[in-house]
Structure formats: structure tokens, C-alpha cells
Amino acid sequence: MTEEKPQVAGTSPKAVELEEGKKYAFCTCGQSDNQPFCDGSHKTTSFTPHVFTAEKTDQAWLCMCKHTGNTPFCDGTHKTMDPTG
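Residues numbered from 1 in each chain as written. Predicted model: local features only at pLDDT ≥ 70, side-chain atom pairs only at ≥ 80, totals over all residues. Heavy atoms only, no water.

S.K.: Outline the nonpolar core, listing residues and values.
M.R.: In this structure, Val16, Leu18, Tyr24, Phe26, Phe37, Phe52, Ala54, Ala60, Leu62, Cys63 and Cys65 together form the largest nonpolar core, which totals 11 residues. When neighbours within four sequence positions are excluded, Phe26 is seen to be in contact with Pro36, Phe37, Cys38, Pro49, His50, Phe52, Leu62, Cys63, Lys66, Thr71 and Pro72. (Core = buried A, V, L, I, M, F, W, Y, C linked by side-chain atoms within 4.5 Å. Buried < 20%, exposed > 50% of the residue type's maximum accessible area, 1.4 Å probe, protein only. Contact = heavy atoms within 4.5 Å.)

Written out as C-alpha cells, the structure is:
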């Protein structure tokens, strides 16, 4: 059985404003039309959103390639990915 891989939603991170204490649902499947946040598109996949609470009110760079090692934040993985898949 092959592990399902997320769809790459973008090749660079997305800047978003997070509000301290607010919960967010980060899209992990890559199919959401509300990137980088979940819109329920994962329901036909084995993915679930990554729910997190913002630690402070600030701008954050969230992963769009969906392969970060620091979910939901960009860790630069997109720079080493093969653009052809």
C-alpha cells in the first residue's frame, strides 16, 4: 500500500496574519480552495487538517508545498522539491 502524498498547493510560502489564542485548521491535503487553511476538501482523502492555536499575533509564513517538517510553518522544503513531481 502506497502512502498518500499531499497535493502541492504552491511553490512558496503564504504570508498570513495570525491572532494570538485563535485556533486555525491548516490544510494538509493541498486540495483546499482556501489555502493555506482547510475547507473540508480532505474528506475524500486520508488527510486531516492540522489544528493549531496561534501563540502570538503576528505575520507567519505557512507552508504551501505541504511537505514541511515544521507543520504548518514553512521550513524551506519547497526549495529542494522536484517541480516535475
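S.K.: Explain the side chain of His42 residue by residue, including any values.
M.R.: Within the secondary structure, His42 sits in the loop between β2 (23–26) and β3 (50–53). We classify His42 as buried; its relative accessible area is 12%. Beyond its immediate stretch of four places on either side in the chain, His42 contacts Cys29, Phe47, Thr48 and Pro49. (Helix = DSSP H or I, 4+ residues; strand = E, 2+ residues; numbered from the N terminus.)

S.K.: Tell me about the environment of Met81, residues and numbers included.
M.R.: Along the chain, Met81 turns up in the segment after β4 (58–62). Linking Met81 and Cys65, residues 16 residues apart in sequence, is a C-alpha distance of 8.8 Å. The contacts of Met81, once residues within four sequence positions are left out, are Val8, Cys65 and His67.

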